2 protein chains.
Amino acid sequence: MDTPPPQSEAKPFAPVPAPIQRPDGIKHIIAVISGKGGVGKSTVSANIAASFAILGNTVGLFDADLTGHSQSMLFDTHTSIESMLKKHEPADCCGVKVASFGFLYPDAKTVIWRGPMISNGIKALFGQTNWGELDYLIVDLPPGTSDAQLTVIRDIPIDGGIVVTTPDPLAASVAERGLVMLSELNKKILGVVENMSAGVCQACGDALRPFGSGAGKKLAEKYGVAFFGTVPLSLELHDAVESRKPVVLKYPDSPASKSFFQITDALKKSLP
Amino acid sequence: MDTPPPQSEAKPFAPVPAPIQRPDGIKHIIAVISGKGGVGKSTVSANIAASFAILGNTVGLFDADLTGHSQSMLFDTHTSIESMLKKHEPADCCGVKVASFGFLYPDAKTVIWRGPMISNGIKALFGQTNWGELDYLIVDLPPGTSDAQLTVIRDIPIDGGIVVTTPDPLAASVAERGLVMLSELNKKILGVVENMSAGVCQACGDALRPFGSGAGKKLAEKYGVAFFGTVPLSLELHDAVESRKPVVLKYPDSPASKSFFQITDALKKSLP
């Protein structure tokens, strides 16, 4: 336990006192959380942020997953990495201001950090970023209920959280732990999103439900919180990721994009 | 950082000195790892373990994901929870000896623990379990490259690890961090498994690839390690999870089961 882990090229940040003061210019800070990994938190975060931008809002996206960071790969933004590194400016990604560990340490693919370094890193990256004026800041969390989540929920002034699950009941019961964590720490559960819901076979149009259906709505009902909607499995979503654009920008008329616009609208209405 | 998080009903284990001695009766200990969540580490772990059992081996399955535990839900084993709690006996699940945090604290759905408690909990649950004689012990890891992974890789005497990814290149580039972590800590990368690969539309038989194809094989080639095979997306897999049985037991003739048998065979041949 006392031997330091290998550090790759990444250097830890200087210690940051908790908690972080809310930057004056940010109106709403929304966490995207799940106890379960791989349910699509990053995809949902990126597309809600891009939807808000399309609607004319100023938007930021903070990738709080330091070991599993992916936001720097979801947007095509090679031009602004330098300014993120030197001037603490978030990258401008299709109108979304993105701060991700992937930008800060582009060569350090694998960062092996223990909890305290992760907690400090989250606070440092959030606090040192020059967010400017924002209507909405979306915070993309890693899976689980440990250090990173405690840090975001307690030390960053979030207004509440969105819980993401797949339609599978087992996945939802693990995703649920993120919802319970928000609740135990007295943060508002804004709503639930079900990702990887029924898609459509490209060949015959038949409905595809490899992960079942309905667990997201049931989870929302169980806790009496809003159900923001489902996002269908679709090739457009996969293709958009490949081309480094949120699907709402790449294929705005696709079923997945329509879902994200509806979810963003529901989220907007749930905020004070 | 100093305020203790809410504890739900779960109590921390007594401190365990690192590292854990290898229990005499266990021949092979294999970690199932990925930097990415939701790629199917738990499903792959459960089905490899069950496949080994079907082949006549004595097998254990250690769920090292304390906050995201799911193995207690993947098997139908209500009968043996008591003995796990009182006598430190793993649950007998269709011939697989399973130890999971879900058995130990069945009422504590959400455990909010910082890294040191998670590390200690992993060592305690592993070390206090009476594994007996085992040909193979599979260790199911949480996603990421932080405390839990450091503990399993350094403090538990694993022989090597299997890396799980989906066919999506972005997912694979995050999954890759688990592979790099094994390598940096001088553990053998036994092979790569690609889960959620091409499935088949139940209506028309057309191939479905909502997550693309090929990233698993490419990842294995990049590092010159074995590619154990693909597991197709299938309704049988989802249905087996719903009925709390590994698909290799519930639908042994399904395409997913055939994949798991092949993967298990490849894994077996990769071990000394």
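Only a predicted model underlies this, so the values are computations on that prediction, with no experimental measurement involved.

A. View of the packing of aromatic side chains. By the definition in use, this model includes 11 aromatic pairs over all chains. With centroids separated by 5.3 Å and ring planes inclined at 75°, the aromatic side chains of F101 of chain B and W113 of chain B adopt a geometry described as edge-to-face. Of this pair, F101 of chain B sits in helix 4 (residues 101–104) while W113 of chain B sits in the loop between helix 4 and helix 5 (115–128); the two residues are 12 residues apart in sequence, bridging distant segments of the chain. The pair formed by F101 of chain B and W113 of chain B is uniform in burial state, with each residue classed as buried. Ring geometry for F126 of chain B against W131 of chain B: centres 6.1 Å apart, planes inclined by 45°, an arrangement best described as tilted. What makes F126 of chain B buried here is its relative accessible area of 1%. Residue class for W131 of chain B comes out buried when judged on its relative accessible area of 2%. Cluster of aromatic residues (ring-pair linked, three or more members): F62, F126 and W131 of chain A.

B. Region of interest: the relation of the copies chain B and chain A. Taken as rigid bodies, chain B and chain A are interconverted by a rotation of 180° and an axial shift of 0.0 Å, the fit giving an RMSD of 0.0 Å. What we have between these two chains is a two-fold relation. Most of the interface of chain B is mirrored in chain A: 100% of its interface residues are interface residues there too.

C. Looking closely at helix 7 (residues 169–184) of chain A. All names here are of chain A. Along its 16 residues, helix 7 runs 22 Å from first to last C-alpha, staying within 8% of the 22 Å computed at 1.5 Å per residue. Within helix 7, 13 of the 16 residues are buried, which leaves it mostly tucked inside the rest of the structure. A side-chain oxygen of the first residue of helix 7 lies 3.0 Å from the backbone nitrogen of L170; this N-cap is D168. Residue N186 follows helix 7 closely and has a positive phi angle near 60°.

D. Geometry of the sheet that holds strand 3 (residues 91–93) of chain A. All names here are of chain A. Taken together, eight strands build an open sheet; the order of strands is 3-4-2-5-1-6-7-10 and the sheet is mixed. Where the open sheet ends on each side, the last strands, each with one partner, are strand 3 and strand 10 (227–232). Each neighbouring strand pair of the sheet contributes to a mean axis angle of 25°, computed without reference to strand direction. Judged from the six bridges that link them, strand 1 (residues 26–33) and strand 5 (residues 134–140) form a sheet pairing that is parallel. Bridge pairing in strand 5 links V32 to D140. Seen against the sheet, helix 1 (residues 41–54) touches strand 1, strand 2 (59–63), strand 4 (96–99), strand 5, strand 6 (160–165) and strand 7 (188–197) and runs at an angle of roughly 170° to strand 5.

Rules behind the numbers
Residues numbered from 1 in each chain as written. Chains lettered and ligands numbered in written order. Predicted model: local features only at pLDDT ≥ 70, side-chain atom pairs only at ≥ 80, totals over all residues. Heavy atoms only, no water. Phe/Tyr/Trp six-rings, centres within 6.5 Å; stacked < 30°, edge-to-face > 60°. Helix = DSSP H or I, 4+ residues; strand = E, 2+ residues; numbered from the N terminus. Buried < 20%, exposed > 50% of the residue type's maximum accessible area, 1.4 Å probe, protein only. Least-squares fit on C-alpha atoms with pLDDT ≥ 70 in both. Contact = heavy atoms within 4.5 Å. Expected span 1.5 Å × (residues − 1). Polar contact = N/O pair within 3.5 Å; in protein donor to acceptor, adjacent residues only side chain to side chain. Pairing = 2+ DSSP bridges. Axes fitted to C-alpha atoms, helices over the stretch in contact; angles between N-to-C directions.

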